[in-house]
Amino acid sequence: MANETSVIGRFAPSPTGPLHFGSLVAALGSYLDAHAQQGKWLLRIENLDPPREAPNATTSILACLEAHGLLWHEQVQYQSQHSDRYEHALATLSAAGHTYVCDCSRLAMQQASRPDCVSDCRLSKKAHGAIRLRTHTATVHYNDRLRGDISETLAATCGDFVLKRRDNFYAYQLAVVIDDAFSSVTDVVRGSDLLDNTARQCYLYDVLALPRPRYLHLPLATAENGQKLSKQNHAPAIQLNKASENLWDALCFLRHQPPASLQAAPVRELLEWAVAHWSPQLLPTQP
Ligand SMILES: [Zn+2]
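Only a predicted model underlies this, so the values are computations on that prediction, with no experimental measurement involved.

Criteria and cut-off values
Residues numbered from 1 in each chain as written. Predicted model: local features only at pLDDT ≥ 70, side-chain atom pairs only at ≥ 80, totals over all residues. Heavy atoms only, no water. Axes fitted to C-alpha atoms, helices over the stretch in contact; angles between N-to-C directions. Helix = DSSP H or I, 4+ residues; strand = E, 2+ residues; numbered from the N terminus. Parallel < 35°, antiparallel > 145°, perpendicular 65-115°, else oblique. Left-handed = near helix turned anticlockwise from the far one by under 90°. Contact = heavy atoms within 4.5 Å. Nonpolar A, V, L, I, M, F, W, Y, C, P; charged D, E, K, R; others polar. Buried < 20%, exposed > 50% of the residue type's maximum accessible area, 1.4 Å probe, protein only. Pairing = 2+ DSSP bridges. Right-handed = clockwise from strand over helix to strand, strands pointing away. Phe/Tyr/Trp six-rings, centres within 6.5 Å; stacked < 30°, edge-to-face > 60°. Domains from an automatic or database assignment. Buried area = accessible area lost by both parts, 1.4 Å probe. Core = buried A, V, L, I, M, F, W, Y, C linked by side-chain atoms within 4.5 Å. Donors = N, O, S within 2.8 Å, 3.2 Å for Na, K, Ca; no water.

1. Digging into the packing of helix α6 (residues 172–182) against helix α7 (residues 198–207)
Right, on to step 1. With their axes 10 Å apart at the nearest point, α6 and α7 run at an angle of 55 degrees to one another. Relative to α7, the element α6 is oriented oblique. In terms of crossing hand, the pair formed by α6 and α7 is right-handed. Within the contact between the two elements, α6 uses Tyr172, Gln173, Leu174, Val176, Val177, Asp180 and Ala181 and α7 uses Arg200, Gln201, Leu204 and Tyr205.
Right, on to step 2. Residue classes in the contact of α6 with α7 are distributed as seven nonpolar, two polar and two charged.

Shown next, in the form of structure tokens:
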């Protein structure tokens, strides 16, 4: 039985298109990691950016997960319904002096070769602009279960990063931290394309005095030309009528080769084998 101290994992796709092999790998890895620890596995649709959403993408993602036996616990969550919690966090951060409004243009930042504020916004109260988090000279230390200890000095990488954009969309960094904290997620397992967001998210957990989750960044599936598989570069959608084959391929990619007797086995049997044999130390750090 799940209790407060149980493992909680999640899969959090953006509805910008159907799932491709890379996203199936991320879903499978996080599912196996949660189930292998008798935990729950949640599903959250990261629909923060309506203009980038593809019609029917959410329906297609849910159907794809179901076809692969990757069934989630609890109700599907949608970031578009979480504005109240994001505003509450922003108000808390603002009251404590952790944020400021910045109206510097992208062009001004490019010209100054800086990733963040290039004017006097930190000191003056601007009426309109993006809300940035003060990062000072923080060096963030965190652990990735596969890659070990990692450090990042935010001033050298991203500076005072944006929590709410000037067009009023909430930034990914804010939404993901607040939602994972609300759901008491203990284990974030996701593709290594998101590794370079982790320091910013850890910093935000610390500033908000929220407990950080553990992190495991999975190797990234690439196309034959070495390019990252992504919706942006038109990675092929997963075919639902090949669910068993797809799971087999995803397991092999994660260096969890099932026994030959399970070739073409129903997805439920493949998943049972994989949960019983899940071992993150087998994962390659490179594909
Ligand atoms: Zn500024």
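From this point on, the discussion continues.
2. Here we look at the pairing of strand β1 (residues 8–11)
Right, on to step 1. Burial of the side chains of β1 extends over both faces: Ile8 and Arg10 are buried on one face and Gly9 and Phe11 on the other.
Right, on to step 2. Sheet topology note: the β1/strand β2 (residues 40–45) ladder contains four bridges and is parallel. Bridging from a neighbouring strand, Gly9 pairs with Trp41 of β2.
Right, on to step 3. Remark: the β1/helix α1 (residues 21–36)/β2 crossover connection has right-handed handedness.

3. Description of the packing of aromatic side chains
Right, on to step 1. Counted under the stated rule, the structure contains five aromatic pairs.
Right, on to step 2. Arranged with centres 5.1 Å apart and planes meeting at 55 degrees, the rings of Tyr86 and Tyr170 form a pair that is tilted. Placement of Tyr86 in helix α3 (residues 83–95) and of Tyr170 in the loop between β8 (162–164) and α6 is noted, with a sequence separation of 84 residues between them. This pair shows no difference in class: Tyr86 is buried, exactly as Tyr170 is.

4. Some remarks on the sheet that holds strand β4 (residues 99–102)
Note on sheets: strands pair through backbone hydrogen bonds, and any given pair is parallel or antiparallel.
Right, on to step 1. Read across the open sheet, the three strands follow the order β4-β5-β8; overall the sheet is antiparallel. Here the strands that pair on one side only, and so sit at the sheet edges, are β4 and β8. For this sheet the average axis-to-axis angle between neighbouring strands, irrespective of direction, equals 40 degrees.
Right, on to step 2. Pairing of strand β5 (residues 130–133) with β8, which is carried by two bridges, proceeds in the antiparallel orientation. The residue of β8 that forms the bridge with Ile131 is Lys164.
Right, on to step 3. Strands β4, β5 and β8 of the sheet are contacted by α3, whose axis makes an angle of about 125 degrees with β8.

5. Remarks on the domain arrangement of the protein
Right, on to step 1. Taken domain by domain, the protein holds domain 1 (8–82 + 180–282) and domain 2 (83–164).
Right, on to step 2. A straight line from the C-alpha centre of domain 1 to that of domain 2 covers 28 Å.
Right, on to step 3. Domain 1 puts 28 residues into the contact, and the matching count from domain 2 is 26 residues.
Right, on to step 4. The largest share of the area that domain 1 buries against domain 2 comes from His82, Arg200 and Tyr203, three residues that together contribute 30% of it.

6. Observations concerning the nonpolar core
Right, on to step 1. Among the nonpolar cores identified, the biggest contains 42 residues, and Phe11, Leu28, Leu32, Trp41, Leu65, Leu70 and Leu254 are the most heavily contacted of them.
Right, on to step 2. Broken down by element, the residue count for this core peaks at eight residues, all from α1.
Right, on to step 3. In contact with Leu28, other than residues within four places in its own chain, are Leu70, Leu247, Ala250, Leu251, Leu254 and Leu271.
Right, on to step 4. Residues Tyr86, Leu90, Ala138 and Ile150 belong to the second largest nonpolar core, which totals 33 residues.

7. So, the coordination of the zinc ion
Right, on to step 1. Taken together, Cys102 (SG), Cys104 (SG), Cys117 (SG) and Cys121 (SG) make up the protein donors of the zinc ion, found 2.3 to 2.4 Å from the metal.
Right, on to step 2. Read in sequence order, the donor residues for the zinc ion give the motif C-x1-C-x12-C-x3-C. No difference in accessibility class separates Cys102 from Cys104, as the two residues are buried.

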